[in-house]
Amino acid sequence: MFVSKAAVVGGGTMGGEIAQAIAAADIPVVVKDIDQKFVDAALEKARAVTEDQLSRLVKKEKLTQEQADARLAEVMGQIVGTTSYAEFGDVDFVIEAVPEKMAIKQAVFREIDAATPGHAILASNTSALSITEIGAQGTLRADKVCGFHFFYPASVMPLVEVIVGEETSQETATAAYNFAQAIKKQPIVCSEIPGFVVNRILMATIGEIWRAQEEQGLSLKAIDEAIAAAQVAPMGPFFLTDLLGLDTVLHVAEHLNESYGESFYVHQGLKQLVADGKLGAKSGGEGFFKDGEQTVPGDADPDAEELVAMFTCRALIEACLLVEEGICSVRDIDLGMMAGAGLDPRRGLLPPFWKADVEGLDKVLEKVEMLEEKHGERFAAPVTLKRLVAQGRLGLGSGQGFYPYPQPDEGEQADTVKLETRDRVAIAWLANLPMNAVSPDVIRDLGTVWERVKAADGVGAMVIASAVPVVFSAGADIKAFTQMDEVAGAELLEQGHALLRDLGRAPVATIAAVNSIAFGGGCEMAMACDVRIAAEAAVFGQPEIKLGIIPGFGGTQRLPRLVGANKALEMNLIGDAVLSEEALELGLVNRVVPDHELLETALMWARKLAAQAPVAVGQIKQASNKGDLDEGIEAEKQGFAAAFASEDAREGIAAFLGKRSPKWSGR
């Protein structure tokens with residue numbers, strides 16, 4: 001399912017920001033509301049956001065004012081405002097952004113269902129309501145209904161939660177994921193549950209702070225300062241609530257309280273403030289604070305250490321429960337908290353699982369058990385946490401917790417790929433921060449590691465894994481490619497192809513442990529291995545076509561052998577992402593496992609394969625790869641060189657580096 005035209009139902013600020021994000025990706029979008037004043041507000045907001053974005057580029061001298069003015073006209077020209085459904089006959093993706101009332105949403109979905117073509121995906125921007133209830137009772141296409149939850153402000157916050165209802169199809173989830181990427185957002189996929197991922201974790205943690213504040217009469221300022229100083233959140237919970245809008249936060253808090261019970265606390269002072277129309281920034285500034293002074297009772301100093309422990313432990317507990325309930329994967333939860341709650345590792349703010357690994361899971365478990373003894377079952381230790389500690393998987397220090405971490409062999413190591421040996425199994429850790437781009441250095445260093453592995457006595461298998469928790473490999477290093485002359489580029493292709501070819505021929509078995517994004521060269525590296533084990537959060541794709549080039553490291557040849565000629569041709573021509581579940585169905589991967597079990601599963605396979613007869617392993621691999629692969633790769637190399645030298649490739653790469661949409665010439 002592809003999106004050539006989109007629509008937003010519900011104007012105002014949020015609708016305008018969503019429409020702007022779509023239009024800025026050069027996708028035509030219709031904004032509809034029942035009242036022209038809300039349509040006008042959406043258009044004004046879209047214009048203001050675009051002007052602000054472009055003015056910053058002008059200040060940085062990345063655009064001239066003339067170019068910025070032209071771009072503003074282009075973006076706004078993509079947006080049509082309306083009070084009717086007349087423009088909906090050819091839309092492919094609709095985002096509903098009306099008030100958070102089930103009856104209103106179902107009525108709107110019935111209208112959208114009747115006004116749009118049968119293939120269109122109908123998505124709700126709800127922050128908490130049931131996608132299944134909206135889709136099943138509001139439309140005749142429940143399989144094409146999903147959640148598409150932006151975070152406020154939508155023009156700034158990168159996260160979109162793609163929520164899968166009970167009847168949402170895999171095709172719909174994948175299309176929504178790819179649409180989110182197309183509009184430059186970071187998607188995570190989760191199943192339906194009250195609060196979804198980020199709001200459930202946030203409300204659990206903030207609820208603990210609210211409870212402590214009211215029960216102990218604590219100072220709001222002191223609480224916010226303690227939380228911010230401990231670097232467990234980008235700002236204190238009371239200041240954040242004022243910023244987001246007290247009515248919005250109260251709505252989510254009450255919904256989760258109704259859904260989960262008293263483990264999700266609702267601040268009584270918050271309820272009174274909302275009843276009095278004091279909503280924070282959206283109502284002139286008065287909320288929990290007014291002119292810097294708090295507006296609810298409380299002046300006692302908090303026990304900062306205990307408050308922070310409650311905040312972080314409750315976040316980890318809810319995150320673990322989301323995994324144990326099958327709602328979302330470890331990596332997507334952490335990524336969601338990074339992109340949706342501002343937990344930026346570059347600023348020392350770590351999301352729940354990553355933070356627990358750094359602190360040490362045994363220490364975290366002790367802290368959780370102490371809190372449970374004092375505060376009761378809402379701090380009950382999750383099974384997953386207890387299991388990892390029992391296994392000795394204690395986090396960063398032990399080399400494995402919720403994520404795996406390299407423990408390289410002593411002695412000289414390559415720069416971008418680290419070698420770790422565990423008995424008869426080697427691990428090649430991709431460590432080219434931040435995105436493990438396949439650069440000339442990575443190809444050289446992986447080749448060095450591979451030669452050491454083949455020469456090592458008794459090593460029968462090698463796992464290729466990522467040292468970066470949130471990515472396997474985002475693809476080729478485009479900048480490095482553009483800086484190479486024709487001779488150097490040809491040599492790199494030869495070197496890369498020879499290495500990947502040998503991974504599939506040598507008597508050492510190879511296993512790719514794909515933890516997350518494996519695009520372009522990263523996907524091709526995985527396909528060159530004998531076995532591919534994917535985490536639930538893994539995403540595969542060959543997006544080279546979007547740059548005006550073609551796969552350059554075997555993607556046109558190995559992909560058909562794995563998924564079939566038709567699907568491979570589709571993937572290479574379209575360039576969209578494939579999620580782990582579909583990758584398994586297609587045969588692109590051998591197994592899909594929970595994120596935190598990825599490396600252990602890959603090592604289990606490696607130990608099994610390392611125990612097989614090396615000569616037989618090598619002969620089986622070579623015999624299995626017989627055919628026209630070499631001939632096909634030669635054709636691919638020629639095709640890649642021709643495509644890479646084209647004007648379209650230069651335009652595609654320039655657009656990628658410039659973060660804009662390419663304009664093809666066909667030359």
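Here the structure is shown first, and the text comes after it.
In what follows, the accompanying structure is described. (Residues numbered from 1 in each chain as written. Predicted model: local features only at pLDDT ≥ 70, side-chain atom pairs only at ≥ 80, totals over all residues. Heavy atoms only, no water.)

1. Section: the overall build of the protein chain
Here is step 1 of the chain: Of the regular secondary structure elements, the protein chain holds 27 helices and 19 strands.
Here is step 2 of the chain: Taken over the C-alpha atoms alone, the protein chain extends approximately 75 × 60 × 50 Å along its principal axes.
Here is step 3 of the chain: Sorting the 667 residues of the protein chain into buried and exposed places 56% on the buried side.
Here is step 4 of the chain: Considering only contacts in the protein chain between residues 6 or more positions apart, those separated by 24 or more positions represent 72%.
Here is step 5 of the chain: In the form shown here, the protein chain has an accessible surface area of approximately 27300 Å², with 53% of it arising from carbon and sulfur atoms.
Here is step 6 of the chain: In the protein chain, 61 positive and 95 negative side-chain charges are present, and the distance between their average locations comes to 3 Å. (Helix = DSSP H or I, 4+ residues; strand = E, 2+ residues; numbered from the N terminus. Buried < 20%, exposed > 50% of the residue type's maximum accessible area, 1.4 Å probe, protein only. Contact = heavy atoms within 4.5 Å. Areas by Shrake-Rupley, 256 points an atom, 1.4 Å probe, with all protein chains shown as cover. Lys, Arg positive; Asp, Glu negative; His and termini not counted. Charge placed at Lys NZ, Arg CZ, Asp CG, Glu CD.)

2. Observations concerning helix α11 (residues 268-275)
Here is step 1 of the chain: All of the buried residues along α11 are Gly 269, Leu 270 and Leu 273. When α11 is viewed along its axis, its buried side chains cluster within an angular range of 100° and face the same direction.
Here is step 2 of the chain: Contacts made by the buried residues of α11 are with α7 (198-216), α9 (237-244) and α10 (246-260).
Here is step 3 of the chain: Note on α11: the residue one or two positions beyond its end, Gly 277, has a positive phi of about 75°. (Arc of directions from axis to C-beta.)

3. Quick look at unusual backbone geometry
Here is step 1 of the chain: In this model, Tyr 152 is joined to Pro 153 through a cis peptide bond whose omega is -5°.
Here is step 2 of the chain: By secondary structure assignment, the location of Pro 153 is in the loop between β6 (145-150) and β7 (159-164).
Here is step 3 of the chain: The residue after Leu 433, namely Pro 434, is reached through a cis peptide bond having omega 0°.
Here is step 4 of the chain: Here Pro 434 lies in the loop between β12 (425-430) and α17 (440-455).
Here is step 5 of the chain: Non-glycine residue Phe 196 carries a positive phi angle of around 55°.
Here is step 6 of the chain: In this structure Phe 196 comes out as buried when scored by relative accessible area, which is 0%.
Here is step 7 of the chain: Unusually for a residue other than glycine, Asp 291 sits at a positive phi of about 55°.
Here is step 8 of the chain: Within the element layout of this structure, Asp 291 appears in the loop between β9 (289-290) and β10 (293-294).

4. Describing the pattern of salt bridges
Here is step 1 of the chain: Following the criterion strictly, the structure yields 34 salt bridges and no others.
Here is step 2 of the chain: A salt bridge links Glu 293 to Lys 221; the nearest nitrogen and oxygen atoms lie 3.5 Å apart. Residue Glu 293 is located in strand β10, and its partner Lys 221 is located in helix α8 (residues 220-229); the two are separated by 72 residues in the primary sequence.
Here is step 3 of the chain: Overall, the relative accessible area of 35% leaves Lys 221 in the partly exposed class. (Salt bridge = Lys/Arg side-chain N within 4 Å of Asp/Glu carboxyl O.)

5. A short note on the environment of Asn 590
Here is step 1 of the chain: Mapped onto the elements of the fold, Asn 590 is located in the loop between α23 (580-586) and β19 (591-593).
Here is step 2 of the chain: For the pair Asn 590 and Trp 210, spaced 380 residues apart in sequence, the C-alpha separation works out to 47 Å.
Here is step 3 of the chain: The contacts of Asn 590, once residues within four sequence positions are left out, are Val 531, Arg 532 and Leu 584.

6. With respect to the sheet that holds β19
Here is step 1 of the chain: Here we have six strands laid out as an open sheet, ordered β11-β12-β13-β14-β16-β19, and mixed in their pairing. Bordering the open sheet on either side are β11 (417-422) and β19, each of which pairs with just one other strand. Mean inter-strand twist for the sheet, computed between neighbouring axes without regard to direction, equals 20°.
Here is step 2 of the chain: Where β11 meets β12, six bridges bridge the pair, whose relative direction is antiparallel. Paired with Leu 419 across the bridge in β12 is Ala 428.
Here is step 3 of the chain: Taken strand by strand, α17 contacts β11, β12, β13 (461-466) and β14 (509-514), and its axis lies near 20° from that of β11. (Pairing = 2+ DSSP bridges. Axes fitted to C-alpha atoms, helices over the stretch in contact; angles between N-to-C directions.)

7. As for the packing of aromatic side chains
Here is step 1 of the chain: Within the structure shown, the criterion is met by ten aromatic pairs.
Here is step 2 of the chain: Plain terms: the ring middles of Phe 353 and Phe 402 are 4.6 Å apart, the flat faces sit at 55° to each other, and that makes the pair tilted. Placement of the pair is Phe 353 in helix α14 (residues 352-359) and Phe 402 in the loop between α16 (383-390) and β11, with a sequence separation of 49 residues.
Here is step 3 of the chain: A cation over an aromatic ring shows up here: Lys 32 above the ring of Tyr 85, its NZ or CZ 4.6 Å from the ring centre.
Here is step 4 of the chain: Sitting over the face of the ring of Phe 264, Arg 314 holds its NZ or CZ atom 5.2 Å from the ring centroid. (Phe/Tyr/Trp six-rings, centres within 6.5 Å; stacked < 30°, edge-to-face > 60°. Lys NZ or Arg CZ within 6 Å of the ring centre and 35° of its normal.)

8. A short note on the environment of Asp 457
Here is step 1 of the chain: Position of Asp 457 among the secondary structure elements: in the loop between α17 and β13.
Here is step 2 of the chain: For Asp 457, a relative accessible area of 81% gives the class exposed.
Here is step 3 of the chain: Put simply, Asp 457 and Arg 424 are 33 residues apart on the chain and 8.6 Å apart in space, counted from C-alpha to C-alpha.

9. Describing the nonpolar core
Here is step 1 of the chain: Core analysis: the largest hydrophobic core is formed by 75 residues, its most contacted members being Val 197, Ile 333, Phe 353 and Phe 402.
Here is step 2 of the chain: Once residues within four sequence positions are removed from consideration, Phe 402 is found in contact with Leu 316, Cys 320, Val 330, Phe 353, Ala 356, Asp 357, Leu 361, Thr 384, Leu 388, Asp 595 and His 596.
Here is step 3 of the chain: Residues Ile 443, Val 459, Ala 506 and Val 578 belong to the second largest nonpolar core, which totals 51 residues. (Core = buried A, V, L, I, M, F, W, Y, C linked by side-chain atoms within 4.5 Å.)

10. As for the pairing of strand β4 (residues 93-96)
Here is step 1 of the chain: Of the two faces of β4, the one holding Phe 93 and Ile 95 and the one holding Val 94 and Glu 96 are both buried throughout.
Here is step 2 of the chain: When strand β1 (residues 6-9) meets β4, the two strands line up parallel, connected through four bridges. Of the residues in β4, the one forming a bridge with Ala 7 is Val 94.
Here is step 3 of the chain: Pairing of β4 with strand β5 (residues 121-124), which is carried by four bridges, proceeds in the parallel orientation. Bridging from a neighbouring strand, Glu 96 pairs with Ser 124 of β5.
Here is step 4 of the chain: Running through helix α4 (residues 102-115), the crossover from β4 to the neighbouring parallel element β5 is right-handed. (Right-handed = clockwise from strand over helix to strand, strands pointing away.)

11. A look at the sheet that holds β1
Here is step 1 of the chain: Taken together, eight strands build an open sheet; the order of strands is β3-β2-β1-β4-β5-β6-β7-β8 and the sheet is mixed. The open sheet terminates on both sides in strands that have one partner only, identified here as β3 (79-82) and β8 (186-191). Mean inter-strand twist for the sheet, computed between neighbouring axes without regard to direction, equals 25°.
Here is step 2 of the chain: Of the strands in this sheet, β5, β6 and β7 touch helix α5 (residues 131-138), which is tilted by about 135° from β6.

12. Things to note about a positive patch on the surface
Here is step 1 of the chain: A contiguous patch of positive charge, built from Lys 60, Lys 62, Lys 479 and Lys 659, is present on the exposed surface.
Here is step 2 of the chain: By the secondary structure assignment, Lys 479 is in helix α18 (residues 478-482). (Patch = residues over 30% accessible without salt bridge, like charges linked within 9 Å, V, L, I, M, F, W, Y side chains within 5 Å.)

13. Considerations on the packing of α17 against helix α19 (residues 486-503)
Here is step 1 of the chain: Two elements in contact, α17 and α19, have axes separated by 10 Å at closest approach and are oriented at 35°. Here α17 runs over α19; the crossing is left-handed. The residues of α19 that touch α17, namely those facing Pro 440, Ile 443, Arg 444, Leu 446, Gly 447, Trp 450 and Lys 454, are Leu 492, Gln 495, Gly 496, Leu 499, Asp 502 and Leu 503.
Here is step 2 of the chain: Of the residues contributing to the contact of α17 with α19, the split by class is seven nonpolar, three polar and three charged. (Left-handed = near helix turned anticlockwise from the far one by under 90°. Nonpolar A, V, L, I, M, F, W, Y, C, P; charged D, E, K, R; others polar.)

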